[in-house]
Amino acid sequence: MECGICSKPLGDAETVSSGHSKFHSKCFKCFHCERQLGGQTFYNVDSHRVCKDCYAEKVAKKCAACSKSIIGQSTKLGDGRDFHPECFVCHKCEKPIETAFKAAPDGSFEHTPSCENTSASNTDECVDCKKRLVNVKYFTLPGGDKSCVDCYCEKHAEFCYVCKNAILEGQSHTVSNWRYHKDCFTCPKTGCGKYLAGRKMTLEGKEVVCINCNE
C-alpha cells in the first residue's frame, strides 16, 4: 500500500490514517510549520492540512471587536466583518445581539427598535392595547413607550420585502430602503438562491440580484 502523499510504499514505517487513506507519519504534516499531525487537530485548507496553531495565526478570520482569531461559530455582517458571537454586543445593554440590530452613529451596534425585554413592573402597559406587560415580551419604542410584541408587529415593525413578515429576530439587511430577513436576502433568480451579503449585487427592476445572474 502506498502513502497518500509521497506515493512510496508504507512498508513497516509508522503510519497515520485519515479518511480512507494512509500516510507515512513523517509525510502527514502541517503545510505551514511541517509539524507532524498524527493525533492532532488539523484543518483542511485549499487541499492542504494545517495545524490548529497555524490555522489560528495564518488562516482564521479575525474578530472585528477583539482582533483575536475566530475558531468555530461567528457572526458575519453584510460589510464582510466577522465577530465572535460573544463579542457582537449591544452597546446599550451589553448583551450579545441575536435579534435584529442597527448601527449607532458612533459605529457601535444596538438592538432595534430598542433593547428587547421580557419583564416589566406592575404599572407598565402596552401603549397600544393597554395590556399589562408583566411577563410579556415587549419592545421599547424610540420615544420610550412600550409596545407588546403583538402590537409592535401590527403597528410599529418594519416588514421583510420578500416574505412580508415583521422583522423581529435575526440579522437583517437594507438595500434601497427595502428590508430583508437574513434568510430572505438571497438572489431570486431560478437556480441561484445565493446569500447576497458580501457579494456584488445590482438592482434588476424591483429585485436585488447577484452580479453573476445579471451578466
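Our structure's up above, just so we're on the same page.
Note that the coordinates shown come from a computational prediction; the quantities given were computed from them, not determined experimentally.

Rules used in this analysis
- Residues numbered from 1 in each chain as written.
- Predicted model: local features only at pLDDT ≥ 70, side-chain atom pairs only at ≥ 80, totals over all residues.
- Heavy atoms only, no water.
- Helix = DSSP H or I, 4+ residues; strand = E, 2+ residues; numbered from the N terminus.
- Rg over C-alpha atoms; globule rule 2.2 N^0.38 Å.
- Contact = heavy atoms within 4.5 Å.
- Areas by Shrake-Rupley, 256 points an atom, 1.4 Å probe, with all protein chains shown as cover.
- Lys, Arg positive; Asp, Glu negative; His and termini not counted.
- Charge placed at Lys NZ, Arg CZ, Asp CG, Glu CD.
- Polar contact = N/O pair within 3.5 Å; in protein donor to acceptor, adjacent residues only side chain to side chain.
- Buried < 20%, exposed > 50% of the residue type's maximum accessible area, 1.4 Å probe, protein only.
- Salt bridge = Lys/Arg side-chain N within 4 Å of Asp/Glu carboxyl O.
- Pairing = 2+ DSSP bridges.
- Core = buried A, V, L, I, M, F, W, Y, C linked by side-chain atoms within 4.5 Å.

Asks: Before we go on, may I ask you to explain the overall build of the chain in this structure?
Replies: The number of helices and strands found in the chain is 3 helices and 14 strands. Taken over C-alpha atoms, the radius of gyration comes to 25 Å for the chain, far larger than the 17 Å a tight globule of 215 residues would show. Across its three principal axes, the chain shows a C-alpha extent of roughly 80 × 45 × 30 Å. Pairs at least 24 residues apart make up 16% of the contacts formed inside the chain by residues separated by at least 6 positions. Counting every atom, the chain has about 13,400 Å² of accessible surface; 45% of that belongs to carbon and sulfur. Distance between charge centroids for the chain: 3 Å, based on 30 positive and 27 negative side chains.

Asks: Is there a simple way to explain the environment of Y195 in this structure?
Replies: Following the sequence through the fold, Y195 ends up in the loop between strand 12 (178-181) and strand 13 (201-204). Beyond its immediate sequence surroundings of up to four residues, Y195 is in contact with Q171, H173, K182, F185 and T186. Polar contacts involving the side chain of Y195 include one to the side chain of H173, which spans 2.7 Å.

Asks: I'm lost on the side chain of H173 in this one. Help?
Replies: Here H173 is to be found in strand 11 (residues 172-175). Excluding its chain neighbours within four sequence positions, the residues that come into contact with H173 are G78, W178, R179, Y180, K182, F185, Y195 and A197.

Asks: Looking at this structure, I do not really get the environment of H84. What am I missing?
Replies: Turning to its location among the elements, H84 is positioned in the loop between strand 6 (82-83) and strand 7 (101-103). Classification of H84 as buried rests on a relative accessible area of 12%. Sequence separation between H84 and C63 is 21 residues, and the spatial gap between their C-alpha atoms is 6.0 Å.

Asks: Whenever I open this one, the environment of H181 confuses me. Can you help?
Replies: Locating H181 in the fold gives a position in strand 12. Distance from H181 to V162, taken between C-alpha atoms, is 8.3 Å for residues 19 residues apart in sequence. Polar side-chain contacts of H181 include one of 3.0 Å to the backbone oxygen of A166.

Asks: Can you help me understand the pattern of salt bridges in this one?
Replies: Working definition: two side chains of opposite charge can pair if their charged atoms are close together. Summed over all chains, the structure comprises 5 salt bridges. A salt bridge links K76 to D82, with the nearest nitrogen and oxygen atoms 3.6 Å apart. The exposure class assigned to K76 is partly exposed, which follows from its relative accessible area of 32%. The partner of K189 in a salt bridge is E204, and the shortest N-O contact between them spans 2.4 Å. Of the two residues, K189 is situated in the loop between strand 12 and strand 13 and E204 in strand 13; the sequence distance between them amounts to 15 residues. Overall, E204 belongs to the partly exposed group, its relative accessible area being 26%.

Asks: Would you mind going over the pairing of strand 12 with me for this structure?
Replies: The side chains of a regular strand alternate between both faces of the sheet. Burial along strand 12 is two-sided: W178 and Y180 and R179 and H181, pointing in opposite directions, are all buried. The pairing of strand 11 with strand 12 spans 4 bridges and is antiparallel. Looking across to strand 12, one finds that H173 is bridged to Y180. The hairpin turn running from strand 11 into strand 12, its antiparallel successor, is 2 residues long, and S176 in that turn takes a positive phi close to 50 degrees.

Asks: Please explain the nonpolar core as it appears in this structure.
Replies: Considering soluble globular proteins, one finds that nonpolar side chains tend to be buried as a cluster. Judged by nonpolar contacts, the single largest core of 14 residues is most densely connected at C30 and V50. Taken together, the elements giving at least two residues each to this core come down to strand 4 (48-51) and helix 1 (52-59). If sequence neighbours within four positions are ignored, V50 has contacts with C30, H32, F42, Y43, V45 and Y55. By size, the runner-up hydrophobic cluster in this structure holds 10 residues, among which are V175, L196, V209 and C210.

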